[in-house]
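Coordinates in review
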Amino acid sequence: MRTERIEITPTIMMGRPIIRGTPIMLELILRKLAEGASEGELLEDYPHLTTEDVRAAMAYGAASVAHEEVVLLPDAPIPGKA
C-alpha cells in the first residue's frame, strides 16, 4: 500500500515505509501509539508530522494486517503425553 504520505524506497531506511519527506518510519509511529503516546504527543515530539501522517501510518498498519495470510498448523503431539 502506498499513499501520497507514505514512501517506500530501497535506498532510504533500508526500504522500510516512512512518512514522505521525513526519516520517520511508520514502525516508530505505530510503536509509540501502542506504548500509549497520544497523537498530540507525537505531533509535539516530531514537528514534521501532521495529523494526516499519523492517520496514514495507522491505516497502513491496519491494511498490512488485513492482507496477512495466516496458516494454521495441526497440533503437534506433546512429547511424553499420550
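Residues numbered from 1 in each chain as written. Predicted model: local features only at pLDDT ≥ 70, side-chain atom pairs only at ≥ 80, totals over all residues. Heavy atoms only, no water.

1. Some thoughts on the overall build of the protein chain
How we decide: Here a strand is any run of E in DSSP of at least two residues, a helix any run of H or I of at least four, and the numbering for each starts at the N terminus. As a reference, a globule follows 2.2 Å times the number of residues to the power 0.38, and the radius of gyration itself is taken over C-alpha atoms. Throughout this description, buried means an accessible area under 20% of the type-specific maximum (1.4 Å probe, protein chains only), exposed means over 50%, and partly exposed covers the range between. The contact rule is simple, with two residues in contact once any of their heavy atoms fall within 4.5 Å. His is not counted here, nor are the chain ends, while Lys and Arg score as positive and Asp and Glu score as negative. Note that the charge is assigned to NZ on lysines, CZ on arginines, CG on aspartates and CD on glutamates.
Per the secondary structure count, the protein chain includes 3 helices and 2 strands. Beginning at the N terminus, the succession of helices and strands in the protein chain can be written as β-β-α-α-α. Computed over C-alpha atoms, the radius of gyration of the protein chain comes to 18 Å, more than 25% over the 12 Å expected from 2.2 N^0.38 for 82 residues, which places it beyond the range of a compact globule. If you line up the protein chain on its principal axes, its C-alpha atoms span 60 × 30 × 20 Å. Buried positions account for 22% of the 82 residues belonging to the protein chain. Considering only contacts within the protein chain whose residues lie at least 6 apart along the sequence, 32% involve residues at least 24 apart. On the protein chain, the mean spot of the 8 positive side-chain charges and the mean spot of the 13 negative ones are 4 Å from each other.

2. Overview of the environment of leucine 30
As for its placement among the helices and strands, leucine 30 is situated in helix H1 (residues 26-34). For the pair formed by leucine 30 and tyrosine 60, sequence separation is 30 residues and the distance between their alpha carbons is 9.8 Å. Ignoring sequence-local partners within four residues, the contact set of leucine 30 consists of Ala57, Met58 and Gly61.

3. A short note on helix H3 (residues 51-66)
What counts is decided by this rule: What a helix should span is 1.5 Å times the count of its residues minus one.
Over its 16 residues, H3 extends 23 Å from the first C-alpha to the last, a length consistent with the 22 Å expected when each residue adds 1.5 Å. Considering only its buried residues, H3 is in contact with strand E1 (6-7), strand E2 (18-19), H1 and helix H2 (39-45).

4. Some remarks on the side chain of threonine 22
Quick reminder of the rule: The definition of a polar contact used here is a pair of N or O atoms within 3.5 Å, where within protein one atom must be able to donate a hydrogen and the other to accept one, and adjacent residues in sequence count solely through side-chain atom pairs.
Within the element layout of this structure, threonine 22 appears in the loop between E2 and H1. Engagement of the side chain of threonine 22 in a polar contact is seen with the backbone oxygen of isoleucine 19, the distance being 2.8 Å.

5. Some details on the pattern of salt bridges
Filter applied, for reference: Only one rule defines a salt bridge in this text: a Lys or Arg side-chain nitrogen within 4 Å of an Asp or Glu carboxyl oxygen.
Summed over all chains, the structure comprises 4 salt bridges. Across the salt bridge formed by arginine 16 and glutamate 27, the nearest N and O atoms sit 2.6 Å from each other. Taken together, the residues span a long stretch of sequence, with arginine 16 in the loop between E1 and E2 and glutamate 27 in helix H1 at a distance of 11 residues. What makes arginine 16 partly exposed here is its relative accessible area of 39%. Across the pair arginine 31 and glutamate 27 runs a salt bridge whose closest N-O atoms are separated by 2.9 Å. Within this pair, arginine 31 and its partner glutamate 27 are both found in helix H1, separated by 4 residues, close to a single helical turn. Under the relative-accessibility criterion, glutamate 27 is labelled partly exposed at 29%.

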